[in-house]
Amino acid sequence: MGEFNVHRVRFFNYVPSGIRCVAYNNQSNRLAVSRTDGTVEIYNLSANYFQEKFFPGHESRATEALCWAKGQRLFSAGLNGEIIEYDLQALTIKYAVDAFGGPIWSMAASPSGSQLLVGCEDGSVKLFQITPDKIQFERNFDRQKSRILSLSWHPAGTHVAAGSIDYISVFDSKSGSAIGKMLVDRQYMGVSKRKCIIWGVAFLSDGTVISVDSAGKVQIWDSATGTLMKNHLVSNADVKVQIWDSATGTLMKNHLVSNADVQSIAVSPQEDSFVVGTAEGTVFHFQLVSVTSSSSEKQWVRTKPFQHHTHGVRAVAHSPTALISGGTDTHLVIRPLMEKVEVKNYDAALRKITFPHRRLVSCAKKKQLLLFQFAHHLELWRLGSTVATGKNGDTLPLSKNADHLLHLKTKGPENIICSCISPCGGWIACSTASRFFLYRLNYEHDNISLQRVSKMPVFLRSALQILFSEDSTKLFVASNQGSLRVIRLQEGGFTHPRAFQPQSGTVQSMCLLAVSPDGNWLAASGSSAGVHVYNVKQLKLHCTVPAYNFPVTALAIAPNTNNLVIAHSDQQVFEYSIPDKQYTEWSRTVQKQGFHHLWLQRDTPITHISFHPKRPMHILLHDTYMFCLIDKSLPLPNDKTLLYNPLPPTNESDVIRRRTAHAFKISKKYKPLLFVDLLDEKTLVAVERPLDDIVAQLPPPIKKKKFGT
Amino acid sequence: MADLEEGFALTAVPLGSGPDGPLGVEQSDKTDQFLVTDSGRTVILYKVSDQKPLGSWSVKQGQIITCPAVCNFQTGEYIIVHDNKVLRIWNNEDVNLDKVFKATLSAEVYRIHSIQGTEPLVLFKEGAVRGLEALLAEPQQKIETVISDEEVIKWTKFFMVFRHPVLIFITEKHGNYFVYVQKFNSRILSKYTLLLGQEEKCVIQSFSTSVGRKFISLMSLSSDGCVYETLIPIHPSEPEKNQRLVQSQLLKSVVSGSARNGVALAILDQDHIAVLGAPLPASKECLSVWNTKFQTLQTSKELPQGTSGQLWYYGENLFMLHGKFLTVVPFKCEVSSLAGALGKLKHSQDPGIHATPHFVNWETSQGCGLGSQNSEQSKRILRRRKVEVSVQPEVPASTQLLATIQKDSEKHIEVELRKFLATKRTPDFHTIIGDVIIGLLGRCKAEPSFYPRNCLMQLVQTHVLSYSLCPGLMEFALEKTDVQILQLCLQQFPDIPESVTCACLKVFLSIGDDTLQDTDINMESVSDYMDPVQDGEMEGQTAFLQNGFSPEEDNCDSCAQKLKEKPQATADESTSCPVTTKRAALLNAVLHSAYSETFLLPHLKDIPAQHSTLFLQYLYFLYLKCSENATMTLPGTHPPTLSQIMDWICLLLDANFTVVVMIPEAKRLLLSLYKFVKSQISICSELNKIEVSFRELQKLNQEKNNRELYSIEVLELF
C-alpha cells in the first residue's frame, strides 16, 4: 500500500466541557445533553448514538436544567434566569423568557407535557403553560425559604416535590400551596455537617419520594405521612439517596451511598429501578425487588455500582434499556442493562462518548497549515518538516518544528459553531450564532498579516457549516432555515453572494457540505433528510441521493470521477456517481457482500473522508480510533478474513500477502483521532488528543484513600 | 406426555439368535452407533439413524461369545469375551477376530462394563472386579471369590456417582437377593440383603437403577407384576456390615403376574420407567411407559410378534427384540406434571418442532439421571420437580413418625427416625423434619426425663433445618447446656438471632473445663493450629515485624515499660492458647455465625467482664496465629477468617470497653491491642504517603511521555 510520513500532531489542546444535564426523550429515543459552557447536544440513540444536532454554547448561559416537554420540544433553564426553547429544525434558539426569580436551578415538565415548572434562587417555584409557540407564566407556588434545587412531578400531575436546602416540600400542583415538608437530617455518621443540599428528587406514583443529597444519602420517603422509609448512604463524598412518601412526608428508607454528594437521580418509566450519580464518579443502580421469593412486598435495594467516571457524575438518565450518565470528566457513558437487552447487538455494548461527532480541524494542504477550532478562539499552526527518511515505525528527526502562527480570539460570549481555512491558506472563515467572520491572510516570508473582511452582507450573520472551494475562489455557507449560499472571493473582499434555490418547503438546516475539486458540484446534507447535490454553476439542485435511514456523518466528492462518498452513522459507506445519478458499481458490490462485522461494530462515526491525490482508487476515512485507506481495486474482506492486520507478514511470500490483502487498510496506531488527512501522496497528518492530556486539564477528582479506610 | 415413536427393525435379516434374544446392545464411542452382540458368534456395529450395519465380526466355529461386546471409550477399541475366559480386543480396522489381541484369563467373566469417562471393568462370575488395564498387565492373576458358593449374579450395572465409578451387582441364592455396591474411589464393597416386601415368595425378573444425590434408586420388577423401589445409600454408614434394604412398592400390576418371561424394566428419567411385558395374562406383550410419580400409564405399544424380555435404553432410543428382529423405538418424555399425567397438557406446538424451553436447573441437574442412562447422551431436560400435588398412596411415613414421637421409647424413636431418613425425600422434607423436632421438644417439655439427644443430633445434621423451622431447639439446648447440639446448630443454621448467638457465647465461655472434657465436639476448625502451640514463639515475633507491629518496640509511651519488664511472660501469653481446644472449637462456631452488628452489640454488653476478657484473649491469640503466615489465614479445614476475628475484637471492645478497661488482667491485652492499632494507623498513613509520592512520579513520567507534542513518523500500511 505504501509508506507514509505521518505528522503526528498532539498540540491541539482541545478540552471538551463537562456535562451538566442529560434528558432522555422516550418518544423519539433521543438524548439531550447540556454542557457547562452552555452547549446543548442531541444524540439519536436509535442511530448508533450519533450526535446529530448541537446548539452552540454561550458564556452567560450556564444551563442548570434541561427537559423535554409537549412531545419533542426541548427547554433549558440556567443561572441567567432565562428559560430557553430550542428550535430542533432550524438549529437555533427559538426564544428566551426571563422567569424573574433569579438564577434557575431546576426545571420539570408536567407528565402531560403541557406545563413547565422552574425552581429559582429566590425560593419560588413558577408554573408556566406551554402554548404551541411559546410559554406563558401562569402562577407562583408558595414561596420557600431558599433556592429550589430539584423538582419532580407526581406521575399523575397532582403533586410536586421540590428539593431545597435541608428540606423537601410537597406542593399541590392545582393550588400551588405547600402541603408537606420533609426535613432531611443534616448529620452524616453522627457528625453534623454543613447544610444538606437536596440535589435531586423523584416522585413515584405510589406517593414515594426519593431524594439524593449532599450528605451522601439516598432517602426514600413516604410523602403521605412524611416519614423516611429507607436511607442509603452511597458515597464517601456527598450523596444520600432518600426515598420519601410525599403524602405524609415521612422518610421511609435511607440509603447512605456516599460520603460525597449524590448529585443526580433518574427513575425508569416503569418505576422499578432508578439510578443515582455521586460526586466520586460512581453510579449506583437501585432496583425494586421482592424481599423474599414468596412475598409480594418489595423493597428498594442498591444492586449495582458502576465506576465509569473519574469525576463527579452531575447528571443521569434512565432509558428503558440503559443507564446514562455524564459529569465533570466530560464523558457521556451509556451503560446498557444487560437484563433488558434481548439481543446482543450494537445496543448491548457500553458506550463512552468523549469527542464531538463533527470536525474541529481543517487543513490547508498546500501550505501545510492546520486550523483548530476551540470554543472561543481559533489556532493556526504550520507543520514542521524533515529531510530524513526511515523505515516503518521510525520517528524522523525534525529539520523544522511546527509553528504556532496565529491565535484568533472571537469577541463576545458566544461559542464558535464552525470554522474553515481555504485550501490555499489565504482565507479563514468562522461563525458564531450571531456573527460571521472572514479573514484574509497574507504571508510574507515568516510574517503573517491578518485582515478582517468587513462589511459582511446582512444575511450572513451566522453559519452552520462553511466550506471553501478547492481553488479558494468560492465560499459556501450553509445557514439556518436551510439556506445555502455561494460567495465569490476576491482580493480584499467578495462579490455578489448568490443563494441556491432551496428545496421547496424544507426548513431543514444543512450540517455537512462537500464540494467537488473541479468546483462544479456541491453536496449538502441535513441532520435527517438525504443528501442533495447542487450544480454550482446553475445554482440548481442536480439530484438527491436516495434516502437512507441513518444520518450522514461525513461527505466528500472524489476528484476526476465526481463520485460522492457518504458515510452513515450505522457505519455504512456508499459511493454515488454524481454525473450518472446512481450508485457506483463498487458501492453495489460492497452492499451486496456487506461490510466486515468488525467494521460495523466500531462505535464512533466516521467524521472525515478524503482522497489520494494521485490514486483515484483510494479513499481515506477515519473515526476516533482508527483511520482506513480503502483500495477499491482490491477484493473486499469477508467475515472470515482478518480486518485489522497491523503487522506486515514478515517472512511470508508475496503470494500469500497478495492473497490475504483486502481493500481495507486500517491503522489503529494513532488514537483518539480528531482529524486525519492526506497532505500529498506520501504525507499524512493525524491530529491526536490523548485522554490523559484532557484529564490533566480537568479539576482534580475527589481523592479516595486506598489504605486505612 | 411420554411419546413412543414408530419403531423400526434394525436388522433386515433375523438375528442368528435363539429364543434368548441378543446377548447385549452397547453404545460405541460414537453417538448413534451401537454394538449388538447376538447369543451366538457375531458382533455387529449399527448406525441407528441410518438403520444399517457398519461392521460385523464373528468368532470361529466352535467358539461362543459369552459376554456382550463393549467399547472402551478411552481407546475406541471393542472388547468381547468368548468361551467364558478368552478376552479379545480389536478395533474398526480389524477384520478377523481370530487374529486380534487375545488374553486368556484365569477365571470366568460375567460381564465387561464400559462407560464414558473411566476405564472398562471386568466383573468375574465369582464377584471379583478388575480394571481392564490391571487385568491385561497380568492376565493369569489369581481372581478371588467374593460371593458365596451358590450365589449367582443376576444383574449388574456400572455407573458414575459424582465422578467416581460405582459397580452394583445383584446375586441370588435360594430366592434371596443380595446387593453388592463396589465403590472404586474408596475400594469399599458394601453388601446388602434385599428384603422382599411382599408376603409370598416371588422372583424378581428385572432390575434397573438411577442415581440421586444421596441414594441409588434400585427398581425391580417382580413376578407378581409390581415394580418395587429400593434406596441404597451412596455413603453407607457402616460399610463393612451386612445391611438390609427394604423394598417399597412403586407401581402395582404393570404386567400380568403370570407372565413368566418377556418381562423387563428400564428407568427413563426421574419420573418415567419403561416396562416390557404382557399387561394381562392373555394379552400380547407390550412396551409401556409409566409415570411413577403419578402412577399413570403414559403410553404403550403392542409387540404382536413377541419379545425376549430384554430392554436396553440409551439416550432417546429403546432397544428390544420384536419377533426375530432387533427393534429400535425412539421416544420422548416430557417433564412430568399433573396435567401431563392426566393427559390434559396442551400440545400447542407442531409435533415436528422440538420446542421445549431450555432451562438449566442448578438444583437437580447435578446428581440425578446419571445412573441407568448415559447422561451425555440424554438430551432431556431435568427440571425442578413441581410441588407434589398427588395424594399419598398410604398414610405418610411422616405422620407415623410424628405419632411414634409422642409415645414410644427413645430407642424406638431413633430406629424409626433412621428408617424415615433413609426413605426418598419429598419436597416438604424440611418442614417434616421441623415438625418432628417441634414434636420432640414438646414431649421433652412435658416429660423432663425425656431427652432424645441422638435423634436431635441426627435431625440437625440433615442440613435442611434453619432456626425458624424449629424455634425452641436452641433455647432448649441452652437450657440443657448441650454444647454439642449448640455447636451443630451454629454451624448449620443460617438464621440464628443475635440474642441466641450471644447466649451460646455466654454458655461456651462459662461452661467448666471438666464438663467440656466429657463432651464430644467437632474439632475440625481448631485441630490444625492448636497443637504446635509451644513452638511458635520465635515465629510469632518475626511475624509481628512483617505486619509492621512489634511488641518489643517501646518508643511510644511509658506504659510499654511494664511490658518490657516481663518479656518472657509476654511471649508466653501471645503464643499459648488461653482456652482449651474444645472450648476453642465452640468459640469458632460462634465466630462463623452470621450476625448484624446493631443487634449483637446490646447482647454483648451482658457478658461478664472476665469472660469477655477471656474471649478477647482468645481472639488476640487467633490474630497472632493468623499473622504467622503471609496469607494471614489460619491452617485447618474451616478456620475463622481474619476479618471475622477482627470484627469480633472490635465488637467486643465496643460493647465492653468501659468494663474491660477497669480489669487489671485485661490491661496488658489492651495495651498490646492499642499498640497494634497504633502501628496499623501509622502503616496506613505511610502507605498513603507512598501512594501520593508514586502518583507524583507517575505524573512526571506522563509529562515526559507527552512532551513530544509533535513528531513525524513513518508508517507503512499493508
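Notes on the structure in this doc start here. (Residues numbered from 1 in each chain as written. Chains lettered and ligands numbered in written order. Predicted model: local features only at pLDDT ≥ 70, side-chain atom pairs only at ≥ 80, totals over all residues. Heavy atoms only, no water.)

So, about unusual backbone geometry. All names here are of chain A. With omega at -10°, the peptide bond leading from lysine 671 into proline 672 counts as cis. As for its placement among the helices and strands, proline 672 is situated in the loop between strand E58 (664-667) and strand E59 (673-680). Notably, phenylalanine 100 is not glycine yet its phi reads approximately 55°, a positive angle. Within the fold, phenylalanine 100 resides in the loop between strand E9 (92-98) and strand E10 (104-109). (Helix = DSSP H or I, 4+ residues; strand = E, 2+ residues; numbered from the N terminus.)

Here we come to the interface of chain A and chain B. Of the residues lining the interface, 43 residues belong to chain A; the matching set on chain B comes to 20 residues. Between chain A and chain B the total buried area reaches about 2,900 Å² when both faces are included, carbon and sulfur atoms providing 57% of it. For the pair chain A and chain B, the interface holds 2 salt bridges. Summed over the shared surface of chain A and chain B, the number is 13 residue pairs in polar contact (both at pLDDT 80 or more). Secondary-structure elements contributing two or more residues to the side of chain A that touches chain B are strand E1 (2-9), strand E37 (395-396), strand E57 (627-631), E58 and helix H4 (691-697) of chain A. (Contact = heavy atoms within 4.5 Å. Buried area = accessible area lost by both parts, 1.4 Å probe. Salt bridge = Lys/Arg side-chain N within 4 Å of Asp/Glu carboxyl O. Polar contact = N/O pair within 3.5 Å; in protein donor to acceptor, adjacent residues only side chain to side chain.)

Right, let's talk about the packing of helix H4 (residues 410-422) of chain B against helix H5 (residues 429-446) of chain B for a bit. All names here are of chain B. In the contact formed by H4 and H5, the axes pass within 13 Å of each other and the chain directions differ by 175°. Taken together, the axes of H4 and H5 are roughly antiparallel relative to one another. Across the interface between the two elements, Ile413, Leu417, Phe420 and Leu421 of H4 pack against Phe429, Ile432, Ile433, Val436, Leu440 and Arg443 of H5. Looking at side-chain class alone, the contact of H4 with H5 contains 9 nonpolar, no polar and 1 charged residues. (Axes fitted to C-alpha atoms, helices over the stretch in contact; angles between N-to-C directions. Parallel < 35°, antiparallel > 145°, perpendicular 65-115°, else oblique. Nonpolar A, V, L, I, M, F, W, Y, C, P; charged D, E, K, R; others polar.)

By the definition in use, this model includes 32 aromatic pairs over all chains. Seen from their ring centres, Phe615(B) and Trp648(B) are 5.8 Å apart, and the 70° between their planes marks the pair as edge-to-face. With Phe615(B) in helix H17 (residues 609-626) and Trp648(B) in helix H18 (residues 642-662), this residue pair connects regions lying 33 residues apart in the sequence. Given a relative accessible area of 0%, Phe615(B) falls into the buried group. By relative accessible area, Trp648(B) is classed as buried at 1%. Clustering of aromatic rings is evident, with ring pairs tying together Phe11(A), Phe12(A), Tyr14(A), Phe372(A), Phe374(A), Trp381(A) and Tyr710(B). The ring of Phe178(B) is capped by Lys191(B), whose NZ or CZ atom sits 4.7 Å from the centre of that ring. (Phe/Tyr/Trp six-rings, centres within 6.5 Å; stacked < 30°, edge-to-face > 60°. Buried < 20%, exposed > 50% of the residue type's maximum accessible area, 1.4 Å probe, protein only. Lys NZ or Arg CZ within 6 Å of the ring centre and 35° of its normal.)

What follows deals with the pattern of salt bridges. Where side chains of opposite charge bring their charged atoms close, a pairing between them can arise. Residue and element names in this part refer to chain A. Counted under the stated rule, the structure contains 28 salt bridges over all chains. Put simply, arginine 30 and glutamate 52 hold a salt bridge, and the shortest N to O gap is 2.4 Å. Of the two residues, arginine 30 is situated in strand E3 (residues 30-35) and glutamate 52 in strand E5 (residues 50-55); the sequence distance between them amounts to 22 residues. Overall, the relative accessible area of 8% leaves glutamate 52 in the buried class. Of the charged contacts, one joins lysine 614 and glutamate 681 as a salt bridge, the two residues approaching to 2.8 Å between their closest N and O atoms.

This part takes up the environment of Arg194(A). Within the secondary structure, Arg194(A) sits in the loop between strand E19 (191-192) and strand E20 (198-203). With 21 residues separating them in the primary sequence, Arg194(A) and Ala215(A) have C-alpha atoms 8.9 Å apart.

All names here are of chain B. On the surface, Leu687, Ile690, Phe694, Leu697 and Leu700 cluster together into a nonpolar patch covering about 480 Å² of accessible area. Within the secondary structure layout, leucine 687 lies in helix H19 (residues 666-706). Judged by relative accessible area, leucine 687 falls into the partly exposed class, the value being 30%. (Patch = residues over 30% accessible without salt bridge, like charges linked within 9 Å, V, L, I, M, F, W, Y side chains within 5 Å. Areas by Shrake-Rupley, 256 points an atom, 1.4 Å probe, with all protein chains shown as cover.)

This part takes up the nonpolar core. Across soluble globular proteins, you tend to see nonpolar side chains buried next to one another. Met474(B), Phe493(B), Phe508(B), Leu604(B), Phe615(B) and Tyr618(B) are the most contacted members of the largest nonpolar core, which totals 88 residues. When residues in this core are grouped by element, the largest group, 12 residues, is from H17(B). When residues no more than four places from it in sequence are discounted, the contact partners of Phe615(B) are Leu505(B), Leu509(B), Leu587(B), Leu591(B), Trp648(B) and Leu652(B). Among the nonpolar cores identified, the runner-up in size contains 32 residues, and Phe54(A), Trp427(A), Ala429(A) and Ile466(A) belong to it. (Core = buried A, V, L, I, M, F, W, Y, C linked by side-chain atoms within 4.5 Å.)

Time to look at the side chain of Glu498(B). All names here are of chain B. Among the structural elements, glutamate 498 can be located in helix H9 (residues 498-510). Despite its burial, glutamate 498 pairs with no opposite charge; the closest candidate is lysine 506, at 14 Å N-O. Apart from residues no more than four positions distant in its own chain, glutamate 498 is found in contact with Tyr595, Ser596, Phe599, Leu600 and His603. (Lys, Arg positive; Asp, Glu negative; His and termini not counted.)

Backbone-to-backbone hydrogen bonds pair the strands of a sheet. The strands run either parallel or antiparallel. All names here are of chain A. The strand order across the open sheet formed by 4 strands is E10-E11-E12-E13, and the pairing between neighbours is antiparallel. Edge positions in the open sheet fall to E10 and strand E13 (135-140), since each of these has one partner strand only. The mean inter-strand angle of the sheet, taken between neighbouring strand axes irrespective of direction, is 25°. As defined by bridge partners, strand E12 (residues 125-130) adjoins E13 across 5 bridges and the pair is classed as antiparallel. Its bridge partner being in E13, phenylalanine 128 is matched across the sheet by phenylalanine 137. (Pairing = 2+ DSSP bridges.)

Glancing now at the pairing of strand E2 (residues 19-25) of chain A. Residues and elements named next belong to chain A. Of all 7 residues that make up E2, 7 are buried, and the element is covered over most of its length. Pairing of E2 with E3, which is carried by 6 bridges, proceeds in the antiparallel orientation. Along E3, the bridge assignment pairs cysteine 21 with serine 34. From the end of E2 to the start of E3, which pair antiparallel, there are 4 residues, and asparagine 29 there has a positive phi angle of about 55°.

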